[in-house]
Amino acid sequence: MSIAVMILLGLAGVSEAAGRIVPLAVRRPGMPRSLVAGSLLGGGLVESAVFALWPLTAATLAELALSAPARGAGPVWTAELAAPLMLAGILAFPWLGPFLHLVLFVGVGAGLAGPLAAATGIGWWDAAGCVAVAGAGLGLAVEAVRRLVIRISATEPREAMA
């Protein structure tokens, strides 16, 4: 993976995290800036890792579920495939359109299906299914962890405001 692709995936992760954290910070004006910045950085790293794992997870799923022959390395991110993820992250802001966000992710997933089909030797529709299941699975896993963190942080004692 090239440095440019890593930067694009990092920016996509931060923009995706910003789409979730900024509305929260706006609703709670007393949040410390260090907490917002830390949450943005941590969330951005997690989202970037999920984006980076998406093609690998889809390739693994194709090899396991569809008995696709392993032909070396699976599909890799290119700048052309990763750049729309930044736009998807920006569109993650709830008031800018979750439907557009979903459409863009479907487009990125369709773009990943071609390289996955070529790398594993399966059909495009099977590859698209693997990409969709991998993306949904990773998304559900991140959402579960996010809700767990919210639940844990809600049970911590709050500091008294002076």
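What counts and how
- Residues numbered from 1 in each chain as written.
- Predicted model: local features only at pLDDT ≥ 70, side-chain atom pairs only at ≥ 80, totals over all residues.
- Heavy atoms only, no water.
- Helix = DSSP H or I, 4+ residues; strand = E, 2+ residues; numbered from the N terminus.
- Buried < 20%, exposed > 50% of the residue type's maximum accessible area, 1.4 Å probe, protein only.
- Contact = heavy atoms within 4.5 Å.
- Patch = residues over 30% accessible without salt bridge, like charges linked within 9 Å, V, L, I, M, F, W, Y side chains within 5 Å.
- Areas by Shrake-Rupley, 256 points an atom, 1.4 Å probe, with all protein chains shown as cover.
- Salt bridge = Lys/Arg side-chain N within 4 Å of Asp/Glu carboxyl O.
- Expected span 1.5 Å × (residues − 1).
- Bend = angle between axes of the 7 residues up to and from the residue.
- Core = buried A, V, L, I, M, F, W, Y, C linked by side-chain atoms within 4.5 Å.
- Axes fitted to C-alpha atoms, helices over the stretch in contact; angles between N-to-C directions.
- Parallel < 35°, antiparallel > 145°, perpendicular 65-115°, else oblique.
- Left-handed = near helix turned anticlockwise from the far one by under 90°.
- Nonpolar A, V, L, I, M, F, W, Y, C, P; charged D, E, K, R; others polar.
- Phe/Tyr/Trp six-rings, centres within 6.5 Å; stacked < 30°, edge-to-face > 60°.

### Brief notes about the overall build of the protein chain
Now for step 1: Check the secondary structure of the protein chain and you find 5 helices and 0 strands.
Now for step 2: In the protein chain, the succession of α and β elements from N to C terminus is α-α-α-α-α.
Now for step 3: Put simply, the protein chain has 162 residues, and 33% of those count as buried.
Now for step 4: The long-range fraction of contacts in the protein chain, counting pairs at least 24 apart against all pairs at least 6 apart in sequence, stands at 70%.

### With respect to a nonpolar patch on the surface
Now for step 1: On the surface, a nonpolar cluster with roughly 400 Å² of combined accessible area is contributed by Ile3, Met6, Ile7 and Leu11.
Now for step 2: Inspection of the secondary structure assignment puts methionine 6 in helix α1 (residues 3-27).

### Some details on helix α2 (residues 33-65)
Now for step 1: With 33 residues, α2 should reach 48 Å at 1.5 Å per residue; the first-to-last C-alpha distance of 45 Å fits that figure.
Now for step 2: Of all the bends in α2, the greatest reaches close to 40° and is centred on tryptophan 54; the proline proline 55 follows between one and four positions later.
Now for step 3: All buried positions along α2 are accounted for by Gly44, Glu47, Ser48, Val50, Phe51, Trp54, Pro55, Ala58, Ala59 and Ala62.
Now for step 4: Just downstream of α2, serine 67 is the residue with a positive phi angle, here 55°.

### What about the nonpolar core?
Now for step 1: Residues Leu9, Trp54, Trp77, Leu112, Leu116, Ala127 and Val131 are the most contacted members of the largest nonpolar core, which totals 27 residues.
Now for step 2: Breaking this core down by element, the ones donating at least two residues are α1, α2, α3 (79-90), α4 (98-120) and α5 (124-155).
Now for step 3: The biggest single contributor to this core is α5, with 7 residues.
Now for step 4: When residues no more than four places from it in sequence are discounted, the contact partners of valine 131 are Trp54, Ala58, Gly109, Leu112, Ala113 and Leu116.

### Brief notes about the packing of α1 against α2
The relative placement of two packed helices is expressed as an angle between their axes plus a distance between the axes.
Now for step 1: Contact geometry for α1 and α2: axes closest at 7 Å, N-to-C directions at 135°. By the criterion of interaxial angle, the relationship of α1 to α2 is oblique. Where α1 crosses over α2, the two elements pack in a sense that is right-handed. In contact with Leu9, Gly10, Ala12, Gly13, Val14, Glu16, Ala17, Ala18, Arg20, Ile21 and Ala25 of α1, α2 contributes Val36, Ser39, Leu40, Gly43, Gly44, Glu47, Ser48, Phe51 and Ala52.
Now for step 2: Counted by class, the contact of α1 with α2 contains 11 nonpolar, 6 polar and 3 charged residues.

### Examining α1
Now for step 1: Here α1 contains 25 residues, and its C-alpha end-to-end distance of 36 Å stays within 8% of the 36 Å for a straight helix at 1.5 Å per residue.
Now for step 2: The largest bend in α1 is about 30°, located at glycine 19, with the proline proline 23 one to four residues further on.
Now for step 3: What α1 keeps buried is the set Val5, Leu8, Leu9, Ala12, Gly13, Ser15, Glu16, Ala17, Ala18, Gly19, Ile21 and Pro23.

### Some details on the packing of aromatic side chains
Now for step 1: Counted under the stated rule, the structure contains 1 aromatic pair.
Now for step 2: A centroid spacing of 5.0 Å and a plane angle of 90° characterise the contact between tryptophan 124 and tryptophan 125, whose relative ring orientation is edge-to-face.
Now for step 3: You can call tryptophan 124 partly exposed: its relative accessible area is 38%.
Now for step 4: For tryptophan 125, a relative accessible area of 72% gives the class exposed.

### Brief notes about the pattern of salt bridges
Now for step 1: One pass over the structure, following the stated rule, counts 3 salt bridges.
Now for step 2: The salt bridge partner of arginine 146 is glutamate 47, with a shortest N-O separation of 2.7 Å. Pair noted here: arginine 146 is in helix α5 and glutamate 47 is in helix α2, with a separation of 99 residues, a long-range link.
Now for step 3: For arginine 147, the salt bridge is made with glutamate 143, and the minimal N-O distance between the two is 3.3 Å. With arginine 147 and glutamate 143 both in helix α5 and 4 residues apart, this pair spans about one turn of that helix.
Now for step 4: Its relative accessible area of 57% is what places arginine 147 among the exposed residues.
Now for step 5: Salt bridges sharing partners connect three or more residues here, namely Glu47, Glu143, Arg146 and Arg147.

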